[in-house]
Amino acid sequence: MTPEGFEKGLAYMQQAIKMDPTNPMPYSGLAIAYTRIGHERASEAFPKAKAAALKAEELGGPSAEMYLALGTVELESEWDFTAAEKDLKHAVELNPSLGEAHRNYSWCLAMKREPDRAIAEMRRARQVEPLTPMFAADLAWQYWTGGDIDRAIEQAQESLDIQPNFNEALAVLGSAYLEKGMYEQAIATHKRLAATDPDWKWILPYTYARAGQEDMARKTLARLLEDRTKATGAWAGWFIAADYTALGNREEAFRWLEIAHKAHHSFFPWLRTDPFLVPLHSDPRFQDLVRSMNFP
């Protein structure tokens with residue numbers, strides 16, 4: 001789940017397609033890879049994911065992997081939530097052993113604010129692929145979102161047992177520590193995250209602000225914003241909005257949320273449930289954003 005890892009994985013997928021251009025499975029794999037890149041790094045990868053999924057359908061008809069890719073694009077990029085739920089559920093039905101199908105269907109249920117069903121589905125992802133660190137980390141995120149902080153910490157640590165320094169696990173672990181008032185541990189964890197994966201460095205000002213170190217939060221954010229090449233993307237925009245929310249600056253928070261919204265940031269389907277943004281919920285501008293999403 002790093003830029004280097006994605007690049008290497010894509011190269012293998014392209015090699016598989018070159019070796020066997022009539023086989024739909026490499027195209028489905030390529031589509032799933034692009035959905036992960038779209039969610040983790042760059043929203044412009046989602047159209048590539050859809051094109052690869054449709055090519056897989058053309059070559060061999062529907063498969064669980066194809067429905068997984070299409071449903072993920074519909075959920076995270078196109079924001080067609082009805083279609084997303086239908087396709088992700090179909091992926092699970094076609095291949096109950098496909099962990100990522102359970103995972104993304106789980107997030108669809110979380111978007112609908114059905115936390116119990118979402119957690120049950122994420123647990124199924126863990127059961128069928130117990131050595132995939134992402135599923136334990138995602139389960140930690142859902143526990144953190146629901147306020148079950150101890151279970152969030154437990155699952156994040158299990159993810160790190162599988163893969164040390166896994167970025168999503170470090171992100172949620174530090175955030176859970178904040179909720180328990182374990183500020184030193186939270187800052188240390190998110191520093192480790194920023195050192196491991198620089199794209200996650202935007203979480204640090206939020207962490208400092210929540211830990212009561214507002215001066216450090218402002219200095220860190222200002223230093224990050226100086227590098228305009230890294231501060232203009234939708235990925236950064238979502239976290240900068242969270243940073244300004246923690247600092248009590250709603251004007252800047254909403255300005256950056258609008259940037260992320262226009263770019264169809266992949267986190268927006270969870271706008272209503274993301275703990276980072278809870279202080280904004282009472283603001284009419286937040287309600288306008290919620291209405292614009294046409295949630296089910």
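### Let's talk about the overall build of the protein chain
The helix and strand tally for the protein chain stands at 17 helices and zero strands. For the protein chain, the C-alpha radius of gyration of 19 Å lies close to 19 Å, the compact-globule estimate for 296 residues. Projecting the C-alpha coordinates of the protein chain onto the three principal axes gives extents of approximately 60 × 35 × 35 Å. The proportion of buried residues among the 296 residues of the protein chain is 55%. A separation threshold of at least 6 residues defines the contact pool for the protein chain, and within that pool the share at least 24 residues apart is 59%. Surface exposure of the protein chain reaches about 13000 Å², of which carbon and sulfur atoms provide 52%. Within the protein chain, one finds 33 positive and 42 negative side-chain charges whose respective centroids are separated by 2 Å.

### Concerning the packing of helix α10 (residues 167-179) against helix α11 (residues 183-196)
Viewed as axis vectors pointing N to C, α10 and α11 meet at an angle of 160 degrees, and their least axial separation amounts to 8 Å. If you check the angle between α10 and α11, you find them roughly antiparallel. For the element pair α10 and α11, the recorded crossing hand is left-handed. Contacts between α10 and α11 involve Asn 167, Leu 170, Ala 171, Leu 173, Gly 174, Ser 175, Tyr 177 and Leu 178 from the first element and Tyr 183, Gln 185, Ala 186, Thr 189, His 190, Arg 192, Leu 193 and Thr 196 from the second. Along the lines of polarity and charge, the residues of the contact of α10 with α11 split into eight nonpolar, seven polar and one charged.

### Comments concerning the packing of aromatic side chains
Here the structure, examined in full by the defined rule, presents 11 aromatic pairs. Relative to Trp 144, the ring of Trp 141 lies with its centre 5.2 Å away and its plane at 75 degrees, an arrangement referred to as edge-to-face. Taken together, the residues span about one helical turn, with Trp 141 and Trp 144 both in helix α8 (residues 133-145) at a distance of three residues. Per residue, the accessibility class of Trp 141 equals that of Trp 144, and both read buried. Clustering of aromatic rings is evident, with ring pairs tying together Trp 79, Trp 141, Trp 144, Trp 200, Tyr 206, Trp 238, Phe 239, Phe 267, Phe 268 and Phe 276. Above the ring of Phe 295, the side-chain terminus of Arg 272 is found at 4.0 Å from the ring centroid.

### Observations concerning the pattern of salt bridges
One pass over the full model with this rule turns up 19 salt bridges. Between Lys 50 and Glu 78 there is a salt bridge, with the nearest N and O atoms lying 2.8 Å from each other. Of the two residues, Lys 50 sits in helix α3 (residues 45-60) while Glu 78 sits in helix α4 (residues 64-78), which places them 28 residues apart along the sequence. Residue Glu 252 is joined to Arg 255 by a salt bridge in which the shortest nitrogen-to-oxygen separation is 3.0 Å. In this pair, Glu 252 and Arg 255 both sit in helix α16 (residues 250-262), three residues apart, roughly one turn of the helix. Arg 255 sits in the partly exposed class, given a relative accessible area of 42%.

### Side note on helix α9 (residues 149-162)
The end-to-end C-alpha distance of α9, which contains 14 residues, comes to 20 Å, matching closely the 20 Å that a straight helix rising 1.5 Å per residue would cover. Among the residues making up α9, those that are buried are Ile 149, Ala 152, Ile 153, Gln 155, Ala 156, Ser 159 and Leu 160. Next to the buried residues of α9 lie α7 (115-128), α8, α10 and α11.

### Concerning the nonpolar core
Ranked by size, the top nonpolar core spans 105 residues in total, and within it Trp 238, Leu 257, Phe 268, Leu 271 and Phe 276 carry the most contacts. Sequence-distant contacts of Leu 257, defined by excluding residues within four places in its chain, comprise Trp 238, Ala 241, Phe 268, Leu 277, Leu 280 and Leu 289.

### Some details on unusual backbone geometry
A positive phi angle, close to 70 degrees, is found at Asn 165, a residue other than glycine. Tracing the chain through its elements places Asn 165 in the loop between α9 and α10. The exposure class of Asn 165 is partly exposed, given its relative accessible area of 31%. Notably, Asn 294 is not glycine yet its phi reads approximately 55 degrees, a positive angle.

Scoring rules and cut-offs
- Residues numbered from 1 in each chain as written.
- Predicted model: local features only at pLDDT ≥ 70, side-chain atom pairs only at ≥ 80, totals over all residues.
- Heavy atoms only, no water.
- Helix = DSSP H or I, 4+ residues; strand = E, 2+ residues; numbered from the N terminus.
- Rg over C-alpha atoms; globule rule 2.2 N^0.38 Å.
- Buried < 20%, exposed > 50% of the residue type's maximum accessible area, 1.4 Å probe, protein only.
- Contact = heavy atoms within 4.5 Å.
- Areas by Shrake-Rupley, 256 points an atom, 1.4 Å probe, with all protein chains shown as cover.
- Lys, Arg positive; Asp, Glu negative; His and termini not counted.
- Charge placed at Lys NZ, Arg CZ, Asp CG, Glu CD.
- Axes fitted to C-alpha atoms, helices over the stretch in contact; angles between N-to-C directions.
- Parallel < 35°, antiparallel > 145°, perpendicular 65-115°, else oblique.
- Left-handed = near helix turned anticlockwise from the far one by under 90°.
- Nonpolar A, V, L, I, M, F, W, Y, C, P; charged D, E, K, R; others polar.
- Phe/Tyr/Trp six-rings, centres within 6.5 Å; stacked < 30°, edge-to-face > 60°.
- Lys NZ or Arg CZ within 6 Å of the ring centre and 35° of its normal.
- Salt bridge = Lys/Arg side-chain N within 4 Å of Asp/Glu carboxyl O.
- Expected span 1.5 Å × (residues − 1).
- Core = buried A, V, L, I, M, F, W, Y, C linked by side-chain atoms within 4.5 Å.

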